[in-house]
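Breakdown of the fold
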Amino acid sequence: MATLQQLESALINADKAGDMDAARKLAAVVARARQDPMNQVPGNEIPETVQRAPEPSIGEQVVGAGETALTLGTGATSGALSMIGGTLKGLAEQLLSGQFGTQQAADAVEKAATEGAQALTYAPRTQAGQEQTQAVGEALAPLTAVAPMTAELGAIAQGARAAAPLARAAAGEAAAPLTQGARRITEAVRPATAEVQTGARSGGAAAVEAGNLRQAKAEELPVPIKLTEGQKTRDFGQQRFERETAKDPEMGVAIRDRFAQQNMQLQQNFDSFIDMTGAEASDLRSAGLSVDRALRSRAASDKNKIRALYKEAEKSGEMEAPVKLDDLVRHIEESAPESEVANVLKAARSKALQLGVAKEDASGALISQPVSLKNAELFRRSINAATNVEPTNIRQASIMKELIDNATESVGGEAYRRARSARAKYARDYENITLVKNLIGQKRGTADRFIALEDVVRRSVIDPGTSLDDVRQVRRLLQTEGPRGEQAWRELQGATLNYLKEEATKSVARDAQGNAIISPAQLDRAITKLDKNGKLDFVFGKKGAEMLRTINDVAKDVMVAPPGAVNTSNTASVLAGLMDVALTGASGVPAPIMTSFRLLSKGIRDSKIRAKVRKSLGE
């Protein structure tokens, strides 16, 4: 039977020869021999045959620290280019990138663990270096108790010892937990990602085409917007990486700047749309005043034409032709009970007696009398003037005016008929359209406008209660009024666009540059409301409406991430911070080693994240 001295000599020779399989087996035998109780009985110890080295000096400790840092560095960079042992690097990188949970992430973790277990290419030559390298592994071992997932991370302790001669023999066994742990993670996520991966392969061409279409639409806008890779592809992992990285104070600067730039460009597009309309008004009141002036100017012009035609008919003597308003007088008499709720009936009865349209008999009942066309027209105007906004008054006034028109239709000559036709057209343009009548009308008995100037834009276009027919009538009146009316219509267009912009930005949220953040939900709600009844196409034309739908879609691409892509709890950042604290506070690890380790791993990680950020931004 071989002695302990022979076993240790064989172990050293196997290590020097590079026969790791033999060294691992011999190390196990040596370990069992040293743990044999027979060797622990006082006075019966088997003396160590390996010469103990004296305590290292301060200088030797510094050299050992350097060797350990080199061991960790070469192990990380030559293997998986990340944290010691590969697994920590693989998990941390995938968590921070937002890829964790995908098939690619699982494969990357497994590959990093396998390579990390085999990547310790430099073995410390000094005893201090060997001991300190083993200390790193022992200090990291407690990480196995943090959580079930971090049990795989604790195997790094075994991998760290692999650089020392005695521990190096066990490197194969140390690598197994790393590889097995990564494989367990791989197997755990593979079922969940298999369906997604299959779909990605089968729909890859369609996804690329959809992404190109999104980018093309964003570039069609007057102020083109460049989408990030995640916004363009709508890939969940990529979007999560961009949203999570944007939260990092240092690494997320470029992404935050791109997000802020996109937010500003969306608003600049609205400003560009407003400029295209030719609108000049700076606020709602100014826009309302422009519309009011144009409508009143056109109405006044039409009234002047009507007066001129009636004067012509009067001059020719046609206005003196007699007419009897029998049906009108009968209606006033029969509707007497309703006059308590319809004051226009009382006003009509009084005016009929005043103008001679009727007279009272002995019982007080009205009797129709012949009257000139001139007085019949005056009577009609008095009914119109006595009508207020009460529904009963409006209904009764309409009935009485129609009865007058029926009675006078075949009376008089050509001049009167022209005047009468112009007056009927005025009623259709200004009096029978409630919106137009209210836009230029005043509240009865006051000097107040029926619709305030600040509300003209809302009531003319935006209000859901305003029908498309009413908007069409307003535009027709304005665009036939000449330059003033055409400009007033442009003001309505510009003010409506400004309304859409204000609806989208009325939230108190601000981006990194202090600009109000576009709310895609509010913008979509405002545009859809106009689009639902055809106002969007009518007010802005087909091309303009399509541009507004495009910016609505682009806003969703830019501002809306898939559910779950935005980690509001900052889990990834918290995990990264906890890992940093755990490594920093690991007991038994010399400060120079841990500092070098942290700087190395952070530098590699940051470099990879920066590269991915540049790719996300298309740079």
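Before reading on, note that the structure itself is shown above.
The structure contained in this document is the topic of the report that follows. (Residues numbered from 1 in each chain as written. Predicted model: local features only at pLDDT ≥ 70, side-chain atom pairs only at ≥ 80, totals over all residues. Heavy atoms only, no water.)

**Things to note about the overall build of the chain**
So the rule is basically this: Strands are runs of DSSP state E lasting at least 2 residues, helices are runs of H or I lasting at least 4, and numbering of each runs from the N terminus. Under the scheme applied here, a residue whose accessible area is under 20% of the maximum for its type counts as buried, over 50% as exposed, and between as partly exposed, the area being computed with a 1.4 Å probe on protein chains only. Residue contacts follow a heavy-atom distance rule, with two residues in contact if any of their heavy atoms lie within 4.5 Å. Accessibility throughout is a Shrake-Rupley quantity obtained with a 1.4 Å probe, and a residue counts as covered only by protein chains that appear here.
The secondary structure content of the chain amounts to 28 helices and 4 strands. The proportion of buried residues among the 619 residues of the chain is 44%. Within the chain, contacts between residues at least 6 apart in sequence are counted, and of these 71% link residues at least 24 apart. By element, 54% of the accessible surface of the chain is carried by carbon and sulfur atoms, the whole surface being about 31,000 Å².

**A closer look at helix H20 (residues 414–431)**
Convention followed: Expected helix span is taken as 1.5 Å per residue step, with the number of steps being one fewer than the number of residues.
Spanning 18 residues, H20 covers 25 Å between terminal C-alpha atoms, matching the ideal 26 Å at 1.5 Å per step. Three or more residues of H20 are buried, namely Ala-415, Tyr-416, Ala-419, Arg-420, Arg-423, Tyr-426, Ala-427, Asp-429, Tyr-430 and Glu-431. On the buried face of H20, the contacting elements are helix H15 (284–315), helix H18 (373–385), helix H19 (391–408), helix H21 (434–440) and helix H23 (468–479).

**A look at the environment of Ser-316**
Inspection of the secondary structure assignment puts Ser-316 in the loop between H15 and strand E1 (322–324). Residue classification places Ser-316 among the partly exposed positions, given a relative accessible area of 44%. Separated by 100 residues in the primary sequence, Ser-316 and Tyr-416 place their C-alpha atoms 9.1 Å from one another.

**A look at a positive patch on the surface**
Put simply, the test is: Nonpolar side chains (Val, Leu, Ile, Met, Phe, Trp, Tyr) within 5 Å and like charges within 9 Å form the patches, drawn only from residues with over 30% relative accessible area and no salt bridge. The term salt bridge refers to a pairing of a side-chain nitrogen on Lys or Arg with a carboxyl oxygen on Asp or Glu at a separation within 4 Å. Think of it this way: Lys and Arg go in the positive column, Asp and Glu in the negative one, and His and the chain ends go nowhere. Note that the charge is assigned to NZ on lysines, CZ on arginines, CG on aspartates and CD on glutamates.
Side chains of Lys-303, Arg-307, Lys-311 and Arg-381 sit close together on the surface and give a patch of like positive charge. It is H15 that provides the largest number of residues to the positive patch, a total of 3 residues. Within the secondary structure layout, Lys-303 lies in helix H15.

**As for the nonpolar core**
In plain terms, the rule: Nonpolar core, defined: a set of buried Ala, Val, Leu, Ile, Met, Phe, Trp, Tyr and Cys residues in which side-chain atoms within 4.5 Å join the residues together.
Residues Phe-379, Leu-478 and Leu-500 are the most contacted members of the largest nonpolar core, which totals 82 residues. Of the residues forming this core, the biggest block, 11 residues, is contributed by helix H26 (residues 535–559). Grouped together as the second largest cluster of nonpolar side chains are 8 residues, Ala-246, Phe-259, Ile-609 and Leu-617 included.

**A word on helix H13 (residues 236–245)**
This is how it is decided: Whenever a nitrogen or oxygen atom comes within 3.5 Å of another N or O atom, the pair is scored as a polar contact, on the condition that within protein one atom can donate a hydrogen and the other can accept it, and that pairs from neighbouring residues in sequence are kept only if both atoms are in side chains.
Where burial is concerned, most of H13 is hidden: 8 out of the 10 residues are buried. Every buried residue of H13 is listed here: Gly-237, Gln-238, Gln-239, Phe-241, Glu-242, Arg-243, Glu-244 and Thr-245. The N-cap of H13, judged by a side-chain oxygen 3.3 Å from the amide nitrogen of Gly-237 a few residues on, is Asp-235.

**Let's talk about the pattern of salt bridges**
The final tally for this structure, using the stated rule, is 32 salt bridges. A salt bridge links Glu-312 to Arg-418, with the nearest nitrogen and oxygen atoms 2.9 Å apart. Placement of the pair is Glu-312 in helix H15 and Arg-418 in helix H20, with a sequence separation of 106 residues. Since its relative accessible area comes to 40%, Glu-312 is described here as partly exposed. For Arg-418, a relative accessible area of 35% corresponds to the partly exposed category. A salt bridge links Arg-423 to Glu-431; the shortest N-O distance between them is 3.1 Å. The class for Arg-423 is buried, based on a relative accessible area of 13%.

**Description of the packing of aromatic side chains**
Selection rule: Aromatic contacts are taken between Phe, Tyr and Trp rings whose centres are within 6.5 Å, Trp giving its six-membered ring; a plane angle under 30 degrees counts as stacked, one over 60 as edge-to-face, and the others as tilted. Charges are assigned to positions over rings by a cutoff of 6 Å between ring centre and Lys NZ or Arg CZ, combined with an angular limit of 35 degrees from the ring normal.
Within the structure shown, the criterion is met by 4 aromatic pairs. With centroids separated by 6.3 Å and ring planes inclined at 65°, the aromatic side chains of Tyr-310 and Tyr-416 adopt a geometry described as edge-to-face. Here Tyr-416 lies in helix H20 and Tyr-310 lies in helix H15, a separation of 106 residues in the sequence. Residue Tyr-310 is classed as buried on the basis of its relative accessible area of 11%. According to the relative accessible area criterion, Tyr-416 is buried, its value standing at 0%. Where Tyr-426 meets Tyr-430, the ring centres are 4.6 Å apart and the plane angle is 35°; that geometry is what we call tilted. One end of the pair is Tyr-426 and the other is Tyr-430, both in helix H20 and 4 residues apart, which spans about a single turn. Side by side, Tyr-426 and Tyr-430 carry an identical accessibility label, which is buried. Above the face of the Phe-241 ring, Lys-612 is positioned so that its terminal group lies 4.6 Å from the ring centre.

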